[in-house]
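Breakdown of the fold
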Amino acid sequence: MVQDLTLALRLLFKERGFAVATIATLALCLAANAAIFAVVNAVLLRPLPYPAPDRLVTMFNAYPGAGVTRGSNGVPDYFDRLQEEDVFEELALYMSTSVTIGGHGDAQRIPGMTVTPSFFRALRVQPLHGRVFDDADGEIGRHRKVILSEGLWQRLFPGRTDVAGTDLRIDGEPYDVVGVLPSSFGFDPDSQLWMPAAFSPADRADNRRHSNDWRMIGRLVHGVTVMQAQRHIDALNARNLERFPALKGFLTNARFHTPVILFQEDLVRQTRPVVLLLWAGVLLVLIIGCVNVANLASVRASARSREFATRLSLGTTTGRIVQQTVTESLLLSAIGGATGLLVATWMLRGIQSLGLEDLRGKNMAVDWQTLAYTFLLVAAVATVVGMWPMLALRRANLADIIREEGRSGTPTRHARATRRILVTSQVAFALVLLMGAGLLLASFERVLAVDLGFRPDHVLTGDINFPPARYPDQAAMGMAADRIVTELRRVPGVAAAGLTTSIPFGREYSDSMISAEGYKPAPGESFVAPSRVRVSDGYFQAMGVSLVAGRFIDARDTETAPRAIVVDEPLARRFWPNGNALGRRMYLPSRDDILAPPPEDEWLTVVGVVKPMRLRAIERNVAGPGVFGTYFLSYPQFAEGHVTLTVRTQHDPETLIGPVRAAIARIDPELAFYDVRPMDARVEGELIDRRATMLLAIGFALVALLLCAIGIYGALSYEVRLRTREIGIRMALGADPRRILGMVLSEGAVVVAAGTLLGLGGSLLLRTSIESHLYQVRATDPVVLGAVAGVLLLVAGLACTLPARRAASTNPTNALADQ
Amino acid sequence: MFKRTSSLSAVPDIASVPGNTPLISTRGVEKSYPTGPGQTYVLRRIMLDIKPGEFVSIMGPSGAGKSTLLHILGMHDATWSGEYDFMGQPIHTLAPKQRAAIQKRNIGFVFQSYHLLDDLTVYENIELPLSYRDVPKSERQSIVADVLDRFGIVAKKDLYPSQLSGGQQQLVGVARAVVANPAVILADEPTGNLHSDQGREIMELFKKLNEQGTTILQVTHSEANAAYGNRVIRLRDGFLES
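Residues numbered from 1 in each chain as written. Chains lettered and ligands numbered in written order. Predicted model: local features only at pLDDT ≥ 70, side-chain atom pairs only at ≥ 80, totals over all residues. Heavy atoms only, no water.

**Considerations on the overall build of chain B**
The secondary structure content of chain B amounts to 7 helices and 10 strands. Its C-alpha atoms give chain B a radius of gyration of 18 Å, near enough to 18 Å, the size a compact globule of 242 residues would have. Taking the principal axes of its C-alpha atoms as reference, chain B extends roughly 55 × 40 × 40 Å. Looking at chain B residue by residue over its 242 residues, the buried ones come to 53%. (Helix = DSSP H or I, 4+ residues; strand = E, 2+ residues; numbered from the N terminus. Rg over C-alpha atoms; globule rule 2.2 N^0.38 Å. Buried < 20%, exposed > 50% of the residue type's maximum accessible area, 1.4 Å probe, protein only.)

**Quick word on the overall build of chain A**
Scanning chain A from N- to C-terminus turns up 25 helices and 21 strands. Taking the principal axes of its C-alpha atoms as reference, chain A extends roughly 110 × 60 × 55 Å. Residues counted as buried form 53% of the 819 residues belonging to chain A. The contacts in chain A between residues at least 6 apart in sequence include a share of 82% that link residues at least 24 apart. A total accessible area of about 35,600 Å² is found for chain A, and carbon and sulfur atoms account for 58% of it. Here chain A holds 84 positive side-chain charges and 78 negative ones, and the gap between their average locations is 10 Å. (Contact = heavy atoms within 4.5 Å. Areas by Shrake-Rupley, 256 points an atom, 1.4 Å probe, with all protein chains shown as cover. Lys, Arg positive; Asp, Glu negative; His and termini not counted. Charge placed at Lys NZ, Arg CZ, Asp CG, Glu CD.)

**Structural notes on helix α21 (residues 724-732) of chain A**
Of all 9 residues in α21 of chain A, 7 are buried, a share of seventy percent or more. By the burial criterion, the buried members of α21 of chain A are Glu-726, Ile-727, Gly-728, Ile-729, Arg-730, Met-731 and Ala-732 of chain A.

**Details of the sheet that holds strand β2 (residues 38-50) of chain B**
Residue and element names in this part refer to chain B. If you walk across this open sheet you meet the 4 strands as β2-β1-β4-β5, and the pairing is antiparallel. Looking along the sheet, the strands with just one partner apiece sit at the ends: β2 and β5 (89-90). Of the pairings in the sheet, the one linking strand β1 (residues 24-35) to β2 comprises 9 bridges and is antiparallel in character. For Tyr-33, the partnering residue across the bridge sits in β2 and is Thr-40. (Pairing = 2+ DSSP bridges.)

**Regarding the pairing of β1 of chain B**
By the bridge criterion, 5 bridges tie β1 of chain B to strand β4 (residues 81-86) of chain B in an arrangement that is antiparallel. Within the sheet, the bridge partner assigned to Thr-26 of chain B lies in β4 of chain B and is Tyr-84 of chain B.

**Some thoughts on the interface of chain A and chain B**
Listed by partner, the interface residues are 23 residues for chain A and 25 residues for chain B. Across the chain A/chain B interface, buried area totals approximately 2,200 Å², and carbon plus sulfur atoms make up 48% of it. Along the contact surface separating chain A from chain B lie 1 salt bridge. The partner of Asp-134 of chain B in a salt bridge is Arg-739 of chain A, with the nearest N and O atoms 3.3 Å apart. Joining chain A to chain B, the criterion identifies 5 residue pairs in polar contact (both at pLDDT 80 or more). Every element with two or more residues in the side of chain A that touches chain B is listed here: α15 (413-448), α21, α22 (737-765) and α25 (812-816) of chain A. (Buried area = accessible area lost by both parts, 1.4 Å probe. Salt bridge = Lys/Arg side-chain N within 4 Å of Asp/Glu carboxyl O. Polar contact = N/O pair within 3.5 Å; in protein donor to acceptor, adjacent residues only side chain to side chain.)

**As for the packing of helix α10 (residues 271-303) of chain A against α15 of chain A**
Residues and elements named next belong to chain A. Interaxial distance between α10 and α15 falls to 10 Å at its minimum, and their mutual angle equals 160 degrees. With respect to each other, α10 and α15 are oriented roughly antiparallel. Classified by chirality, the crossing of α15 by α10 is left-handed. Each of Leu-277, Gly-281, Leu-284, Val-285, Ile-287, Ile-288, Val-291, Asn-292, Ala-294, Asn-295 and Ser-302 in α10 lies in contact with α15, whose residues at this interface are Arg-419, Leu-422, Val-423, Ser-425, Gln-426, Phe-429, Ala-430, Val-432, Leu-433 and Leu-440. Looking at the contact of α10 with α15, its residues break down into 14 nonpolar, 6 polar and 1 charged. (Axes fitted to C-alpha atoms, helices over the stretch in contact; angles between N-to-C directions. Parallel < 35°, antiparallel > 145°, perpendicular 65-115°, else oblique. Left-handed = near helix turned anticlockwise from the far one by under 90°. Nonpolar A, V, L, I, M, F, W, Y, C, P; charged D, E, K, R; others polar.)

**Concerning the pattern of salt bridges**
Residue and element names in this part refer to chain A. Counted according to the given criterion, the structure contains 59 salt bridges over all chains. Here Arg-142 makes a salt bridge to Glu-139, at a shortest N to O gap of 3.7 Å. One network of salt bridges, with partners in common, ties together Arg-420, Arg-723, Glu-726, Arg-730 and Glu-747.

**Side note on the sheet that holds strand β8 (residues 215-219) of chain B**
Residues and elements named next belong to chain B. Read from one edge to the other, the open sheet built from 6 strands follows the order β6-β7-β8-β3-β9-β10, with strand pairing classed as mixed. Among the strands making up the open sheet, the edge pair consists of β6 (107-110) and β10 (239-241). Strand-to-strand twist in this sheet, taken as the mean axis angle between neighbours without regard to direction, amounts to 25 degrees. Pairing of strand β3 (residues 55-59) with β8 involves 4 bridges; the strand directions are parallel. Within β8, the position partnered with Ile-58 by the bridge is Val-219. Helix α1 (residues 66-73) rests against β3, β6, β7 (184-188), β8 and β9 (231-236) of the sheet, and its axis sits at about 150 degrees to β7. Packed on one face of the sheet, helix α2 (residues 96-106) meets β6 and β7 and runs near 70 degrees to β6.

**Quick word on the nonpolar core**
Looking at soluble globular proteins, one finds that nonpolar side chains tend to be buried together. By size, the foremost hydrophobic cluster in this structure holds 151 residues, and its most contacted members are Phe-540, Met-543 and Ile-712 of chain A together with Tyr-84 and Phe-86 of chain B. Per-element accounting of this core gives the leading share, 17 residues, to helix α20 (residues 679-722) of chain A. Look past the residues within four positions of Phe-540 of chain A in its chain and what remains in contact with it is Val-535, Val-545, Phe-552, Ile-553, Val-566, Val-610 and Phe-632 of chain A. By size, the runner-up hydrophobic cluster in this structure holds 33 residues, among which are Phe-55, Val-144, Ile-185 and Ile-202 of chain B. (Core = buried A, V, L, I, M, F, W, Y, C linked by side-chain atoms within 4.5 Å.)

**What about the environment of Trp-368 of chain A?**
All names here are of chain A. Relative to the elements of secondary structure, Trp-368 occurs in helix α13 (residues 368-395). Placed 330 residues apart in sequence, Trp-368 and Ala-38 show a C-alpha to C-alpha distance of 9.8 Å. A distance of 3.5 Å separates polar atoms of two side chains, one belonging to Trp-368 and the other to Gln-369.

**A word on the packing of aromatic side chains**
Residue and element names in this part refer to chain A. Under the criterion given, the structure shown has 32 aromatic pairs over all chains. On the basis of an interplanar angle of 85 degrees and a centroid distance of 5.4 Å, the ring pair of Phe-199 and Trp-214 is categorised as edge-to-face. Taken together, the residues Phe-199 in the loop between β8 (193-196) and α6 (201-204) and Trp-214 in the loop between α6 and β9 (215-220) connect sequence positions 15 residues apart. Comparing Phe-199 with Trp-214, the two get one shared label, buried. The interplanar angle of 75 degrees and the centroid separation of 4.9 Å between the aromatic rings of Phe-540 and Phe-632 together place this pair among those described as edge-to-face. With Phe-540 in helix α17 (residues 539-543) and Phe-632 in strand β19 (residues 630-634), this residue pair connects regions lying 92 residues apart in the sequence. The exposure class assigned to Phe-540 is buried, which follows from its relative accessible area of 1%. Among the residues examined, Phe-632 registers a relative accessible area of 1% and is labelled buried. (Phe/Tyr/Trp six-rings, centres within 6.5 Å; stacked < 30°, edge-to-face > 60°.)

**With respect to the packing of α10 of chain A against α20 of chain A**
All names here are of chain A. Closest axis-to-axis distance for the α10/α20 pair is 10 Å, and the angle between their directions is 15 degrees. Between α10 and α20, the crossing angle belongs to the class labelled roughly parallel. Note that α10 runs across α20; the crossing there is left-handed. Here Val-274, Leu-278, Gly-281, Val-282, Val-285, Ile-288, Gly-289, Asn-292, Asn-295, Val-299 and Ser-302 of α10 come into contact with α20, specifically with Thr-693, Leu-696, Ala-697, Phe-700, Val-703, Ala-704, Leu-707, Cys-708, Ile-710, Gly-711, Ala-715 and Tyr-718. Of the residues belonging to the contact of α10 with α20, the class tally is 16 nonpolar, 7 polar and no charged.

What follows is the structure, given as structure tokens:
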């Protein structure tokens, strides 16, 4: 082994060009693979950092028939399911929130979570200082407790380990700090504090069933499977259907059910396809790179074939020669792998800077698992590259090899066929990668072209929370909102101002049942639960929404005015497919009797119809099966604590941040104005994941294309070199340069054409894998197919042209000089 | 190296050459390579006339410039100076395309190392020059069949060069050189890699071709081979010996 290693080092130093080309190719390919595997490991493979993470489950209420494929959970659900002690060791509710800490002039908005005291028990989290919540902290009157993150603790109470029992003012109320969690607790990367949920009897009442505001996590009893837990929950739901017959019809028609899923599975549900797609992409790049290296090795082995034949004739074995060549390729692969790992750390930083949502907070590094994976790849590459040329030697006749040179300079048919197959496979793989990148690019363009239903340019947005202590009811919140909006309109440069409870692409969504006067669902048809948004006067104008009929919510729609509602076109069509929606009446069904009309003052009169707005995701349909539109209520009539201001200006919206903040402070200096950014930035945030995936796919495809072009150029150049004397003979016999050019180009064309056809076939076979990532683009889109094939053929054509021109300019005399 | 001063309206052949005009005529042909500040000459002031129907042998020690001269006369080499007329056409003034047309029509070349194409059968190797001359396929078939028969290698037409002996390969090489009925055959050491019996067989063949009217110009070290011809030209250090 040492002898082989020494010989390998000597040979590689002698053939530095070959060594450098091989190491560079392998380093690039292995770096990409190591980086993406680090992502795969962090996102998909690494278990959650909690004890027995495979016992953690989540569940949520779903009403697909009403258009709600994934809701949340209600407080009554939590208490019902707590009774299922045979199945759940712990159950907890949690929701994201944000609070204001501090007071005059130094109010800060801090993101956090409200959790039932069982939350930390379910996750089995140990605090850094103090304690986690106990059940008593969830009782009303004793619930003003808070746990801080390590980062927030260090900011507010640097160095103090006796922080338990300290007061912290939250939303104007005093809270006791009971504990500090370590920075390793990364359940939600944004949360910096946790407060206990305390439920009143009203929260737990049956009329709050299916008011789904909470997410749920549970820890299964040891030995209980997810399927068993699902059966228990299904049985519980079935019992409740009988207990509450008023809702039975609606729930049955809405196909209400509660999926129980492994918590880790749920976390990676959306990320998995993207990450796997990227993983497949880099593996293809590695294969293409390996083909280049195998070709280089094959060429090198051909040059040494007489040496190998002589060694064999002197008594060595094929196995011994294979050992030597594998040692050489192992050395090259190891150096390439080590270099690749260095490059991978930079690549990982680049991947993180792309801002993929699901990578936030993940610890992605070249850890021992990534090292092990890279080592496996290195070993596989070394074996394939080292053994590949020797496969030909095993089949060869020694005498032929020794006598080989001197006839006409034509390379053996077998060697040429092998090189062709390798290059054809490269072209095929490169085309598959290019197709993927092309389809993602086309999808991205479609997404960019989507009509959002509003104009995000020149709009500043930012959030406000009305703390319950100072804004205890709707009237207070409505009045404050009205004063703020009025004050905003006085700011120079403001063209329009308003507010909403659900800014597009924000995190606050609400679906709620609604029905129309005289509307009776057909048998089996569900009541619908469209998106519900509350808006102030001026909101639609600030957002640039198009009015189809009637009017927007405006200053007339005060708290005491008759209740107004604006619907979008899909919702209007749902209830009045043939008629005019204006002036019609709608109502929010009561859980006690969803068909019963409301009191007279609770009817909602349709005052306007607007074009549909994209609220949750740019790609989410605003119309079609299972999509029921949106309705807009007047904020003063349905006020709630969290709102987003929208301010339209003719200037750069960021120039308004200071004046807007000052305007809010004039109304209430303790109100924090946070998450301030232009609406364009929110839209841009929606595009980050798709853009990042597309950019990575394009990157891999371009690397593959480059490697493929190098492979074609290298293989064809080598062919031309081997056939120099044959070309000289042909020219001596009368072949003109154009005929030689055509001869070499057609050799390249056959390989490229075969690879292109194979690649197209491969792309079609793999179309189901990529379809889930596409938007309004079919995996067989002929324009993309044609464009991608065109690019590949152009690049491959250029790669063929250089060696062909070299062949055509051969001097027959020099080529034939054999004395 | 060449000044294009004349054009070629039709490719000349042997029938178009007037009676006493030499087939090949050179005046002051020279070839050199730059070496440092100066030049190293391979051929100096070559003055040569070869008439149609001659069988000429070029002889001389190694390095005398024999093969270089042959490749210049065969129009494989374009980097030389002087004047060279072929069939009365001033080759030194013609463009590469025009020279290639004349070469294709009138010259057949036989190589010392045979230079057959390994991937082509005997039949295909012989057919190759005809395909480069755009001879229709049906005509090619009959011409090649005729040549195979003349050379007595019909039975070997489907074999590959690696399946033939050296002498058989050179026979195929000669057959390939004559298949297009060239006016002149240039042979560079045609028996250099052959056994003496095989060499004799090739030289007899050349003699027969010459008797049938083909002009032959061979480079050879062998006095025995030179004896088959009717004139010997000697080169030494690039100069023609008078």
